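Structure at a glance
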Amino acid sequence: METQTQFFRDTWAEINLDHLYENVKNIKGHIPEEVNVFAVVKANAYGHGDVQTSLTALAAGAHGVAVAFLDEAISLRRGGITSPILVLGATRAKDVQIAARLDISLTVFQREWLVEAGGQLSEGDHLNLHIKCDTGMGRVGVRTVEELKGIEKNIHAHPQFGLEGIFTHFATADELNDDYLDEQLKRFEHMLEQLDSLPVYIHSSNSAAALRKTNTLFNAVRVGIAMYGLTPSMEMKPELPFPLKEVFSLHARLIHTKELGAGEKISYGATYETQGTEWIGTIPIGYADGWLRKLQGQDVLVEGKRVPIVGRICMDQCMIRLPEYRPTGTRVTLIGNQGADTVSMDEIAGKLDTINYEIPCIISTRVPRIYIRNGEPTEVSNKLLSTGIQRQWENNDQFDE
Ligand code: PMH
């Protein structure tokens, strides 16, 4: 695992693995015991850290993990994840041998792909496949029974392939009106009826369906957003069957504080002007960290109280208006709790006119992640310093030319 134990910057994200564990336990408790949970950890676990998230979800009872791309699956195997891993997205047929050798299950939805993939495998290889059905998401998947049967036949005809699963994905599970979901479910059930025999895993539910529905569970669910403690939609928020605990929080420390008289301007474009005597603090986070310029005016928490970001957000820094002098080093919380107040992911998503899913994904890998276990910081993942030169420096105390 490419993690480092240190960072040199007063900006970090805290990943509360205790909350993640509790969310997975609650999800497990909400669905029948025989339904397997695949923890969706694509996109570096929605920005939370793929290996740490996977280990915690598996410890809490997840059966396996799911990612979007083969690279993500390989990264997990390299990080020591030995559970079932499913790649949900497309993999190039010419790349299947590495998947077979690392026991990574792939998704198939084209017959020609099987023909080409079969040609890449040697006699001793075995590749597990899940057939993706497009029942109305319109993304990837087989849409007709003919396509489905063609793929099933081809898988069974090829000794190196194993038909391990079949699945679909809902487009509207996070909406309370079930009409479209029911239509998708009907199409999926029709496809299942056409198979000669059912594979080990049959799955259709994302978080929203797993939390809200009982007739979509089959024998496995693919849970992402709820595991991270976030609601699948604002519509669902009042209906959640148990409280979700946010896993990701974002923090910085004041690197500079100054008192300005009235009429002084702040940041690019000089768009903010002090109205009277004001204390202005600077924090080392900016749009290159995913703290986007549109967050100008957003509140952050200092000593448990809300204070606004003033002036334009720069690439690496932004300014906040403090109620009074605060020393360098004062903790500033941009997402999360401080004292009695909270800035939630949903608040930030609202400010950015987007969904909560996007927020942890866009907090860039320049921001180190500190992992909290049993209430204690245990590990730091700093992608920036996971380079050869850093490892060399740590070993030899010097840089090579
Ligand atoms: N299964 C598939 C195929 C997915 O694409 C996703 C999430 C999930 C399960 C997990 O969904 P959840 O996080 O709502 O539980 N995929 C995406 C996506 O492509 N854009 O946003 C979420």
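Residues numbered from 1 in each chain as written. Predicted model: local features only at pLDDT ≥ 70, side-chain atom pairs only at ≥ 80, totals over all residues. Heavy atoms only, no water.

Quick look at the confidence of the model for the chain now. Interpreting fine coordinate detail is not advised for predicted regions of low pLDDT. For the chain, the mean per-residue pLDDT works out to 95, and 95% of the residues sit at or above 70. A low-confidence stretch, residues 388-394 (pLDDT under 50), is modelled with 16 contacts involving residues beyond four sequence positions or located in other chains. Scored below 50 in pLDDT, residues 396-401 makes six contacts in the model with residues more than four places away or belonging to other chains. (pLDDT = per-residue confidence, 0-100. Contact = heavy atoms within 4.5 Å.)

Another aspect to go through is the domain arrangement of the chain. Each domain of the chain was delimited in the assignment, giving domain 1 (17-228) and domain 2 (248-343). Look at where the C-alpha atoms of domain 1 and domain 2 centre, and you get two points 42 Å apart. (Domains from an automatic or database assignment.)

Moving on, we get to the sheet that holds strand β4 (residues 85-87). With parallel pairing, eight strands are arranged side by side around a closed barrel as β2-β3-β4-β5-β6-β7-β8-β9. Averaged over all neighbouring strand pairs, the angle between strand axes comes to 30°, with direction disregarded. (Pairing = 2+ DSSP bridges. Helix = DSSP H or I, 4+ residues; strand = E, 2+ residues; numbered from the N terminus. Axes fitted to C-alpha atoms, helices over the stretch in contact; angles between N-to-C directions.)

What follows is about the site of the ligand. Near the ligand, the surroundings consist of 13 residues, among which K42, Y46, S207, R222 and Y357 are the closest. Taking K42, its side chain carries an N or O atom lying 2.7 Å from a nitrogen atom of the ligand. Within the contact set of the ligand, an oxygen atom lies 2.8 Å away from a backbone nitrogen or oxygen of I225. Expressed as a share of its isolated accessible area of 480 Å², the protein-covered part of the ligand is 82%. Most atoms of the ligand, that is more than half of them, are within 2 Å of grid points of the largest pocket. Of all the secondary-structure elements, those providing two or more residues to the shell around the ligand are α2 (42-46) and β9 (220-223). Here the residues of the shell around the ligand sort into six nonpolar, four polar and three charged. (Near = heavy atom within 4 Å. Polar contact = N/O pair within 3.5 Å; in protein donor to acceptor, adjacent residues only side chain to side chain. Areas by Shrake-Rupley, 256 points an atom, 1.4 Å probe, with all protein chains shown as cover. 1 Å grid on protein atoms, 1.4 Å probe; cavity = no way out; pocket = protein on both sides within 12 Å on 5 of 7 lines; lining within 4 Å. Sits in = over half its atoms within 2 Å of the grid points. Nonpolar A, V, L, I, M, F, W, Y, C, P; charged D, E, K, R; others polar.)

Below, the discussion takes up the packing of helix α7 (residues 145-157) against helix α8 (residues 179-194). Taken N-terminus to C-terminus, the directions of α7 and α8 make an angle of 40°; their axes are 10 Å apart at the nearest point. With respect to α8, the element α7 is oriented oblique. Both α7 and α8 take part in a crossing whose hand is right-handed. Here α7 contributes V145, L148, K149 and E152 to the contact with α8, which in turn contributes H190, M191 and Q194. Here the residues of the contact of α7 with α8 are counted per class, giving three nonpolar, two polar and two charged. (Parallel < 35°, antiparallel > 145°, perpendicular 65-115°, else oblique. Left-handed = near helix turned anticlockwise from the far one by under 90°.)

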